[in-house]
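Reading the structure
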Amino acid sequence: MIQATNNAIRRRIEREQSDAVLMANRAGIVPDAWQSDLLRSDAQQMILLCSRQSGKSTITSILALHQAIYTADSLILLLSPSLRQSQELFRKLQNFYTELDSDYLPQATEESALRMELSNGSRIIALPGKESTIRGFSGVSLLIIDEASRVEDALYQSVRPMLAVSAGRIVLLSTPFGKRGFFYSEWTDGQGWQKVKITADQCPRINAEWLEREREMIGDWWYLQEYFCEFVETNDQVFSYDDIQSALDPDITPLFERSDSTI
Ligand SMILES: Nc1ncnc2c1ncn2[C@@H]1O[C@H](COP(=O)(O)OP(=O)(O)OP(=O)(O)O)[C@@H](O)[C@H]1O
Ligand SMILES: [Mg+2]
(Lines give C-alpha, C1' and ligand atoms only; values in the text may rest on other atoms or scores of the structure.)
(Ligands and ions follow the chains in the order given, each with its own letter.)
Protein backbone atom coordinates (compact mmCIF):
# COMPACT_ATOMS: atom_id res chain seq x y z
CA MET A 1 0.00 0.00 0.00
CA ILE A 2 2.82 2.39 0.98
CA GLN A 3 4.69 1.36 -2.16
CA ALA A 4 1.61 2.14 -4.30
CA THR A 5 1.24 5.55 -2.63
CA ASN A 6 4.91 6.34 -3.22
CA ASN A 7 4.58 5.43 -6.88
CA ALA A 8 1.53 7.66 -7.26
CA ILE A 9 3.38 10.57 -5.66
CA ARG A 10 6.42 9.96 -7.83
CA ARG A 11 4.27 10.06 -10.95
CA ARG A 12 2.58 13.25 -9.80
CA ILE A 13 5.96 14.88 -9.12
CA GLU A 14 7.18 13.83 -12.57
CA ARG A 15 4.10 15.37 -14.18
CA GLU A 16 4.56 18.58 -12.20
CA GLN A 17 8.18 18.78 -13.21
CA SER A 18 7.27 18.83 -16.88
CA ASP A 19 4.20 21.05 -16.46
CA ALA A 20 4.33 23.97 -14.03
CA VAL A 21 0.59 24.49 -14.47
CA LEU A 22 0.01 21.33 -12.42
CA MET A 23 2.18 22.72 -9.66
CA ALA A 24 0.22 26.01 -9.82
CA ASN A 25 -3.00 24.01 -9.40
CA ARG A 26 -1.65 22.26 -6.34
CA ALA A 27 -0.61 25.63 -4.92
CA GLY A 28 -4.23 26.76 -5.30
CA ILE A 29 -4.07 28.70 -8.59
CA VAL A 30 -5.92 27.90 -11.78
CA PRO A 31 -3.92 30.00 -14.24
CA ASP A 32 -5.63 32.12 -16.89
CA ALA A 33 -4.81 31.03 -20.45
CA TRP A 34 -1.97 33.54 -20.83
CA GLN A 35 -0.59 32.55 -17.43
CA SER A 36 -0.54 28.89 -18.47
CA ASP A 37 1.22 29.82 -21.73
CA LEU A 38 3.83 31.64 -19.71
CA LEU A 39 4.42 28.71 -17.36
CA ARG A 40 4.80 26.37 -20.33
CA SER A 41 7.01 28.67 -22.39
CA ASP A 42 10.66 27.90 -22.82
CA ALA A 43 11.56 31.39 -24.06
CA GLN A 44 14.81 32.73 -22.67
CA GLN A 45 13.50 36.28 -22.54
CA MET A 46 9.95 37.32 -21.73
CA ILE A 47 8.27 40.69 -21.34
CA LEU A 48 4.88 40.90 -19.68
CA LEU A 49 3.16 44.21 -20.32
CA CYS A 50 0.11 43.69 -18.16
CA SER A 51 -2.63 45.64 -16.43
CA ARG A 52 -2.62 46.28 -12.71
CA GLN A 53 -3.96 43.29 -10.80
CA SER A 54 -3.94 41.00 -13.84
CA GLY A 55 -1.85 38.39 -12.02
CA LYS A 56 1.64 38.99 -13.43
CA SER A 57 3.44 38.85 -10.06
CA THR A 58 1.48 35.77 -9.03
CA ILE A 59 2.39 33.81 -12.11
CA THR A 60 6.05 34.80 -12.19
CA SER A 61 6.40 33.81 -8.54
CA ILE A 62 5.05 30.37 -9.49
CA LEU A 63 7.45 30.23 -12.43
CA ALA A 64 10.34 31.02 -10.07
CA LEU A 65 9.22 28.48 -7.50
CA HIS A 66 8.92 25.78 -10.14
CA GLN A 67 12.43 26.52 -11.35
CA ALA A 68 13.79 26.40 -7.79
CA ILE A 69 12.08 23.13 -6.90
CA TYR A 70 12.56 21.22 -10.13
CA THR A 71 15.96 22.43 -11.34
CA ALA A 72 18.60 21.78 -8.70
CA ASP A 73 21.18 24.46 -7.98
CA SER A 74 19.16 27.24 -9.57
CA LEU A 75 19.94 30.79 -8.59
CA ILE A 76 16.87 32.98 -8.88
CA LEU A 77 16.96 36.72 -8.33
CA LEU A 78 13.88 38.82 -7.71
CA LEU A 79 14.39 42.48 -8.47
CA SER A 80 12.15 45.54 -8.44
CA PRO A 81 12.51 49.29 -7.83
CA SER A 82 12.55 48.79 -4.06
CA LEU A 83 13.37 46.08 -1.57
CA ARG A 84 9.82 46.24 -0.25
CA GLN A 85 8.40 45.35 -3.69
CA SER A 86 10.93 42.53 -4.24
CA GLN A 87 10.01 41.19 -0.83
CA GLU A 88 6.35 41.29 -1.78
CA LEU A 89 7.04 39.07 -4.78
CA PHE A 90 9.16 36.79 -2.62
CA ARG A 91 6.35 36.52 -0.08
CA LYS A 92 3.97 35.31 -2.79
CA LEU A 93 6.50 32.63 -3.71
CA GLN A 94 6.91 31.58 -0.07
CA ASN A 95 3.14 31.32 0.36
CA PHE A 96 2.86 29.06 -2.68
CA TYR A 97 5.71 26.93 -1.40
CA THR A 98 3.86 26.51 1.91
CA GLU A 99 0.68 25.57 0.03
CA LEU A 100 2.54 22.76 -1.77
CA ASP A 101 3.34 21.25 1.59
CA SER A 102 5.02 18.06 0.48
CA ASP A 103 7.69 15.93 2.12
CA TYR A 104 8.65 14.83 -1.36
CA LEU A 105 9.83 18.25 -2.49
CA PRO A 106 13.19 19.80 -1.62
CA GLN A 107 12.98 21.24 1.87
CA ALA A 108 13.84 24.81 2.82
CA THR A 109 17.19 24.62 4.58
CA GLU A 110 17.46 28.35 5.12
CA GLU A 111 14.67 30.88 5.04
CA SER A 112 14.32 34.57 5.84
CA ALA A 113 12.17 37.46 4.68
CA LEU A 114 14.47 37.96 1.70
CA ARG A 115 15.96 34.63 0.87
CA MET A 116 15.24 30.92 0.69
CA GLU A 117 17.62 28.06 0.13
CA LEU A 118 16.39 24.56 -0.70
CA SER A 119 17.95 21.19 -0.02
CA ASN A 120 18.51 20.69 -3.78
CA GLY A 121 20.91 23.64 -3.76
CA SER A 122 18.52 26.17 -5.31
CA ARG A 123 18.45 29.71 -3.96
CA ILE A 124 15.88 32.46 -4.32
CA ILE A 125 16.95 35.94 -3.32
CA ALA A 126 14.92 39.17 -3.19
CA LEU A 127 17.03 42.24 -3.92
CA PRO A 128 16.71 46.02 -3.68
CA GLY A 129 16.64 48.11 -6.84
CA LYS A 130 20.00 49.76 -6.30
CA GLU A 131 22.75 49.05 -8.75
CA SER A 132 25.57 49.36 -6.20
CA THR A 133 24.17 46.68 -3.89
CA ILE A 134 23.48 43.88 -6.34
CA ARG A 135 26.71 43.39 -8.22
CA GLY A 136 28.53 40.17 -7.45
CA PHE A 137 26.03 37.50 -8.44
CA SER A 138 26.89 35.22 -11.30
CA GLY A 139 25.48 32.03 -12.76
CA VAL A 140 21.93 33.34 -12.48
CA SER A 141 19.34 30.85 -13.79
CA LEU A 142 16.31 33.14 -13.68
CA LEU A 143 16.16 36.88 -13.24
CA ILE A 144 12.78 38.44 -12.61
CA ILE A 145 12.34 42.20 -12.70
CA ASP A 146 8.96 43.25 -11.33
CA GLU A 147 7.62 46.80 -11.95
CA ALA A 148 10.39 46.92 -14.56
CA SER A 149 9.29 50.23 -16.12
CA ARG A 150 10.28 51.94 -12.88
CA VAL A 151 13.67 50.25 -12.54
CA GLU A 152 16.68 52.36 -13.48
CA ASP A 153 18.46 51.63 -16.74
CA ALA A 154 21.80 51.39 -14.89
CA LEU A 155 20.47 48.51 -12.83
CA TYR A 156 19.26 46.67 -15.92
CA GLN A 157 22.62 47.12 -17.62
CA SER A 158 24.45 45.81 -14.57
CA VAL A 159 22.31 42.69 -14.09
CA ARG A 160 22.12 41.44 -17.68
CA PRO A 161 25.71 40.11 -17.69
CA MET A 162 24.82 37.87 -14.74
CA LEU A 163 22.89 35.71 -17.21
CA ALA A 164 25.68 35.45 -19.76
CA VAL A 165 27.59 32.35 -18.72
CA SER A 166 24.63 30.44 -17.26
CA ALA A 167 22.42 31.22 -20.29
CA GLY A 168 19.80 32.14 -17.71
CA ARG A 169 16.29 33.37 -18.37
CA ILE A 170 14.97 36.85 -17.82
CA VAL A 171 11.39 37.97 -17.24
CA LEU A 172 10.42 41.66 -17.23
CA LEU A 173 6.96 42.44 -15.92
CA SER A 174 5.28 45.77 -15.54
CA THR A 175 2.63 48.28 -16.37
CA PRO A 176 4.07 51.03 -18.61
CA PHE A 177 5.58 54.21 -17.19
CA GLY A 178 5.99 56.65 -20.06
CA LYS A 179 7.93 56.29 -23.26
CA ARG A 180 11.30 55.93 -21.63
CA GLY A 181 13.72 53.46 -20.15
CA PHE A 182 14.72 49.92 -21.01
CA PHE A 183 11.27 48.42 -20.46
CA TYR A 184 9.80 50.69 -23.12
CA SER A 185 12.67 50.20 -25.58
CA GLU A 186 12.76 46.41 -25.15
CA TRP A 187 8.99 46.22 -25.58
CA THR A 188 8.95 48.38 -28.70
CA ASP A 189 12.24 47.46 -30.42
CA GLY A 190 13.77 44.54 -28.51
CA GLN A 191 14.53 41.40 -30.51
CA GLY A 192 14.39 37.84 -29.19
CA TRP A 193 11.69 38.44 -26.57
CA GLN A 194 8.42 36.63 -26.08
CA LYS A 195 6.07 39.58 -25.57
CA VAL A 196 2.76 39.25 -23.74
CA LYS A 197 0.26 42.08 -23.37
CA ILE A 198 -2.79 41.71 -21.12
CA THR A 199 -5.19 44.61 -20.66
CA ALA A 200 -7.67 44.86 -17.80
CA ASP A 201 -10.65 43.87 -19.95
CA GLN A 202 -8.88 40.56 -20.67
CA CYS A 203 -8.63 39.70 -16.97
CA PRO A 204 -11.61 37.68 -15.75
CA ARG A 205 -11.23 39.02 -12.20
CA ILE A 206 -11.55 42.71 -13.15
CA ASN A 207 -15.13 43.85 -13.40
CA ALA A 208 -16.15 46.18 -16.28
CA GLU A 209 -18.30 48.45 -14.09
CA TRP A 210 -15.54 48.77 -11.53
CA LEU A 211 -13.16 49.74 -14.34
CA GLU A 212 -15.50 52.44 -15.61
CA ARG A 213 -15.74 53.95 -12.12
CA GLU A 214 -11.97 53.78 -11.81
CA ARG A 215 -11.61 55.72 -15.07
CA GLU A 216 -13.74 58.53 -13.63
CA MET A 217 -11.75 58.51 -10.40
CA ILE A 218 -8.19 58.54 -11.75
CA GLY A 219 -8.59 60.18 -15.17
CA ASP A 220 -7.65 58.97 -18.64
CA TRP A 221 -3.87 59.32 -18.34
CA TRP A 222 -3.51 56.95 -15.41
CA TYR A 223 -6.33 54.73 -16.59
CA LEU A 224 -4.79 54.05 -20.00
CA GLN A 225 -1.41 53.42 -18.46
CA GLU A 226 -2.42 51.29 -15.49
CA TYR A 227 -5.21 49.24 -17.04
CA PHE A 228 -4.74 49.40 -20.80
CA CYS A 229 -0.95 49.20 -20.93
CA GLU A 230 -0.45 52.32 -23.04
CA PHE A 231 2.90 54.05 -23.00
CA VAL A 232 1.56 57.58 -22.56
CA GLU A 233 4.06 60.43 -22.25
CA THR A 234 5.16 61.01 -18.67
CA ASN A 235 3.99 64.22 -16.99
CA ASP A 236 7.56 65.46 -16.66
CA GLN A 237 8.55 64.88 -20.29
CA VAL A 238 9.13 68.30 -21.89
CA PHE A 239 9.30 66.88 -25.41
CA SER A 240 7.40 63.82 -26.54
CA TYR A 241 9.36 60.68 -27.37
CA ASP A 242 8.02 60.69 -30.93
CA ASP A 243 9.00 64.36 -31.43
CA ILE A 244 12.55 63.61 -30.28
CA GLN A 245 12.81 60.59 -32.54
CA SER A 246 11.54 62.50 -35.55
CA ALA A 247 14.01 65.33 -34.84
CA LEU A 248 16.97 62.94 -35.01
CA ASP A 249 18.61 62.77 -38.42
CA PRO A 250 20.89 59.75 -38.94
CA ASP A 251 22.46 61.45 -41.99
CA ILE A 252 23.99 64.23 -39.92
CA THR A 253 27.51 63.55 -38.63
CA PRO A 254 28.02 64.72 -35.04
CA LEU A 255 30.37 67.71 -34.65
CA PHE A 256 32.55 65.82 -32.21
CA GLU A 257 32.86 62.08 -32.67
CA ARG A 258 34.39 59.80 -30.06
CA SER A 259 37.95 58.92 -30.86
CA ASP A 260 37.76 55.73 -28.79
CA SER A 261 36.20 53.32 -31.25
CA THR A 262 36.39 50.34 -28.89
CA ILE A 263 33.47 51.61 -26.78
N1 LIG B 1 -5.16 32.72 -12.03
C2 LIG B 1 -5.58 33.33 -10.94
N3 LIG B 1 -6.66 32.85 -10.28
C4 LIG B 1 -7.13 33.47 -9.17
N5 LIG B 1 -6.60 34.59 -8.64
C6 LIG B 1 -5.51 35.09 -9.26
C7 LIG B 1 -4.95 34.51 -10.42
N8 LIG B 1 -3.90 35.27 -10.81
C9 LIG B 1 -3.80 36.26 -9.92
N10 LIG B 1 -4.78 36.18 -8.99
C11 LIG B 1 -5.05 37.10 -7.87
O12 LIG B 1 -5.21 38.40 -8.42
C13 LIG B 1 -4.68 39.39 -7.54
C14 LIG B 1 -3.64 40.21 -8.30
O15 LIG B 1 -2.56 39.38 -8.63
P16 LIG B 1 -1.07 39.95 -8.74
O17 LIG B 1 -0.69 40.66 -7.49
O18 LIG B 1 -0.24 38.83 -9.20
O19 LIG B 1 -1.30 40.99 -9.91
P20 LIG B 1 -0.30 42.06 -10.51
O21 LIG B 1 -0.61 42.10 -11.97
O22 LIG B 1 1.09 41.78 -10.09
O23 LIG B 1 -0.86 43.39 -9.81
P24 LIG B 1 -0.10 44.79 -9.51
O25 LIG B 1 0.03 45.48 -10.83
O26 LIG B 1 -1.03 45.50 -8.60
O27 LIG B 1 1.24 44.45 -8.90
C28 LIG B 1 -4.10 38.64 -6.36
O29 LIG B 1 -5.05 38.64 -5.31
C30 LIG B 1 -3.89 37.22 -6.89
O31 LIG B 1 -3.99 36.26 -5.87
MG1 LIG C 1 2.52 42.87 -9.03
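Criteria and cut-off values
Residues numbered from 1 in each chain as written. Chains lettered and ligands numbered in written order. Predicted model: local features only at pLDDT ≥ 70, side-chain atom pairs only at ≥ 80, totals over all residues. Heavy atoms only, no water. Helix = DSSP H or I, 4+ residues; strand = E, 2+ residues; numbered from the N terminus. Buried < 20%, exposed > 50% of the residue type's maximum accessible area, 1.4 Å probe, protein only. Contact = heavy atoms within 4.5 Å. Phe/Tyr/Trp six-rings, centres within 6.5 Å; stacked < 30°, edge-to-face > 60°. Pairing = 2+ DSSP bridges. Axes fitted to C-alpha atoms, helices over the stretch in contact; angles between N-to-C directions. Polar contact = N/O pair within 3.5 Å; in protein donor to acceptor, adjacent residues only side chain to side chain. Expected span 1.5 Å × (residues − 1). Core = buried A, V, L, I, M, F, W, Y, C linked by side-chain atoms within 4.5 Å. Near = heavy atom within 4 Å. Areas by Shrake-Rupley, 256 points an atom, 1.4 Å probe, with all protein chains shown as cover.

1. A word on the overall build of the chain
Of the regular secondary structure elements, the chain holds 10 helices and 8 strands. A total of 263 residues make up the chain; the buried ones form 46% of that total. Across the chain, the fraction of contacts at a sequence separation of at least 24, relative to all contacts at a separation of at least 6, is 70%.

2. A few points about the packing of aromatic side chains
Under the criterion given, the structure shown has 7 aromatic pairs. An angle of 5° between the planes, with centres 4.0 Å apart, marks the rings of Y156 and F182 as stacked. Residue Y156 is found in helix α7 (residues 153-159), and its partner F182 is found in helix α8 (residues 181-189); the two are separated by 26 residues along the sequence. The class of Y156 is buried, set by a relative accessible area of 2%. By relative accessible area, F182 is classed as buried at 4%. On the basis of an interplanar angle of 85° and a centroid distance of 5.1 Å, the ring pair of W221 and W222 is categorised as edge-to-face. Look at W221 and you get partly exposed, because its relative accessible area is 23%. Since its relative accessible area comes to 36%, W222 is described here as partly exposed. Put simply, the rings of W210, Y223, Y227 and F228 pair up and form one aromatic cluster.

3. Side note on the sheet that holds strand β6 (residues 142-146)
Taken in spatial order, the 8 strands make up an open sheet running β3-β4-β5-β2-β6-β7-β1-β8, and their pairing is mixed. If you trace the sheet from one side to the other, it starts and ends with β3 (108-111) and β8 (194-198), each paired once. Shown here is a sheet whose adjacent strand axes are inclined to one another by a mean of 10°, direction ignored. In this sheet, β6 lies alongside strand β2 (residues 75-79) in parallel orientation, the contact comprising 4 bridges. For L77, the partnering residue across the bridge sits in β6 and is L143. Across the face of the sheet, helix α5 (residues 83-100) comes into contact with β2, β3, β4 (115-118), β5 (123-127) and β6 while running at roughly 150° to β5.

4. Describing the side chain of S80
By secondary structure assignment, the location of S80 is in the loop between β2 and α5. Classification of S80 by relative accessible area gives buried; the value is 0%. Here the side chain of S80 touches S82 through a polar contact of 2.8 Å, landing on its backbone oxygen. Within the structure, the side chain of S80 is placed 2.8 Å from the side chain of S86, a separation counted as a polar contact.

5. Comments concerning helix α4 (residues 56-70)
The end-to-end C-alpha separation of α4 is 21 Å, in line with the 21 Å expected for 15 residues at 1.5 Å each. Among the 15 residues of α4, 15 are classified as buried, and the element is accordingly described as predominantly covered.

6. Considerations on the nonpolar core
By size, the foremost hydrophobic cluster in this structure holds 41 residues, and its most contacted members are L65 and I69. Among the elements that make up this core, the one with the highest residue count is α4 (8 residues). The contacts of I69, once residues within four sequence positions are left out, are M23, Y97, L100, L105, P106, L118 and N120. In this structure, L79, I125, I145 and W193 belong to the second largest nonpolar core, which totals 27 residues.

7. Looking at the site of ligand 1
Inspection of the region around ligand 1 gives 16 residues, with Q35, Q53, K56, S57 and T58 positioned closest. Between T58 and ligand 1, the recorded distance is 2.5 Å, taken from a side-chain N or O atom to an oxygen atom. Contact between ligand 1 and R205: a nitrogen atom at 3.4 Å from a side-chain N or O atom of the residue. Protein coverage of the free-state accessible area of ligand 1, which is 640 Å², stands at 76%. Here the shell around ligand 1 gets 3 residues from one element, more than from any other, and that element is α4.

8. Concerning the environment of I198
Along the chain, I198 falls in strand β8. You can call I198 buried: its relative accessible area is 7%. Measuring from C-alpha to C-alpha, the distance between I198 and L48 comes to 7.8 Å, with 150 residues separating the pair along the chain. Excluding residues that lie within four positions of it along the chain, I198 makes contacts with W34, L49, C50, S51, S54 and C229.

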